[in-house]
Amino acid sequence: MVFTSLALFVRNRGPDEFWRKRKILKLSAHFYGRRRNCYSIAIRAVHRALVSATKGRKLKKEDMVALWETRITAGCEEHNMTYPLFREGLVRCNILLNRKTLADLAVWEPRTFKSLVKVAHARVSQDGLAGVTELGDPPSGIITRGMLK
């Protein structure tokens, strides 16, 4: 491209500007009103949306951890054992399962989870930790999938 003056060369932003704006307007295609097709408004909306998406990914991880903790705690209480004691027993037996796996076992494999609770309880009672009670029947009012079969 030939420029007749320096001023025209400075003013010309070339094809890069088109594609930069195109990228932002593509990201704002699902927005309402002028946030969709007015570049100066769309760029603010897109940046805000990207910030929210970044925060949302972290919040999703925190929510999943809280859900897994709740499910494991419920599974432990079903077998008369506290969650911290259960984790301590598994660590002492060198059974290193993460929260997600334990939560899945508590929900979908109740008999496997019960055997893990028994293993952890045996190790904790063998080591003589405080707070160990005898594994008995589940508390009244709880119906589990393991009881139905």
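Note: the structure precedes this text.
Residues numbered from 1 in each chain as written. Predicted model: local features only at pLDDT ≥ 70, side-chain atom pairs only at ≥ 80, totals over all residues. Heavy atoms only, no water.

Chemist: Now, about the pattern of salt bridges: what can you tell me, with residues and values included?
Modeler: Summed over the entire model, instances satisfying the criterion amount to five salt bridges. Across the pair Arg92 and Asp127 runs a salt bridge whose closest N-O atoms are separated by 2.9 Å. Linking Arg92 in helix H5 (residues 83-92) with Asp127 in helix H7 (residues 110-127), this pair joins segments that are 35 residues apart in sequence. You can call Asp127 partly exposed: its relative accessible area is 31%. Members of the salt-bridge network, linked through shared partners, are Glu88, Arg92, Arg123 and Asp127. (Salt bridge = Lys/Arg side-chain N within 4 Å of Asp/Glu carboxyl O. Helix = DSSP H or I, 4+ residues; strand = E, 2+ residues; numbered from the N terminus. Buried < 20%, exposed > 50% of the residue type's maximum accessible area, 1.4 Å probe, protein only.)

Chemist: Kindly report on the packing of helix H6 (residues 99-108) against H7, identifying the contributing residues and their values.
Modeler: Look at H6 against H7: their axes get within 6 Å of each other, and the N-to-C directions meet at 120°. Relative to H7, the element H6 lies oblique. Judged by residue contacts, Leu102, Leu105, Ala106, Val107 and Trp108 of H6 engage Pro110, Thr112, Phe113 and Leu116 from H7. Residues that form the contact of H6 with H7 fall into these classes: eight nonpolar, one polar and no charged. (Axes fitted to C-alpha atoms, helices over the stretch in contact; angles between N-to-C directions. Parallel < 35°, antiparallel > 145°, perpendicular 65-115°, else oblique. Contact = heavy atoms within 4.5 Å. Nonpolar A, V, L, I, M, F, W, Y, C, P; charged D, E, K, R; others polar.)

Chemist: Before we move on, can you summarise H7 with the specific residues and values?
Modeler: Here H7 is 18 residues long and its end C-alpha atoms lie 26 Å apart, about the 26 Å a rise of 1.5 Å per residue gives. Among all positions in H7, only Pro110, Phe113, Leu116, Val117, Ala120, His121 and Val124 are buried. Around the axis of H7, the buried residues are gathered within 135° of arc, so they sit on the same side. Seen from the buried face of H7, the exposed residues on the opposite side, beyond 90 degrees, are Arg111 and Gln126. Downstream of H7 by a residue or two, Gly128 has a phi angle that is positive, lying close to 75°. (Expected span 1.5 Å × (residues − 1). Arc of directions from axis to C-beta.)

Chemist: Help me get a handle on H5, residues and values and all.
Modeler: Considered for burial, the residues of H5 that qualify are Tyr83, Leu85, Phe86, Gly89 and Leu90. The buried residues of H5 occupy an angular sector of 160° when the element is viewed end-on, so they sit on one face. As for H5, its buried residues are in contact with helix H4 (39-78), H6 and H7. Backbone geometry just after H5 places Asn94 at a positive phi near 60°.

Chemist: With reference to specific residues and values, describe the packing of aromatic side chains.
Modeler: Counted under the stated rule, the structure contains two aromatic pairs. For the pair Phe18 and Trp19, a centre-to-centre distance of 4.8 Å together with 80° between the ring planes defines the contact as edge-to-face. According to the relative accessible area criterion, Phe18 is partly exposed, its value standing at 48%. Between Phe86 and Phe113, the ring centres sit 5.2 Å apart and the planes meet at 50°, which makes this aromatic pair tilted. Residue Phe86 is located in helix H5, and its partner Phe113 is located in helix H7; the two are separated by 27 residues in the primary sequence. There is no split in this pair, since Phe86 and Phe113 are both buried. Between the NZ or CZ atom of Lys21 and the centre of the ring of Tyr39, over which it lies, the distance is 5.3 Å. Sitting over the ring of Phe31, Arg35 keeps its end group 5.0 Å from the ring centre. (Phe/Tyr/Trp six-rings, centres within 6.5 Å; stacked < 30°, edge-to-face > 60°. Lys NZ or Arg CZ within 6 Å of the ring centre and 35° of its normal.)

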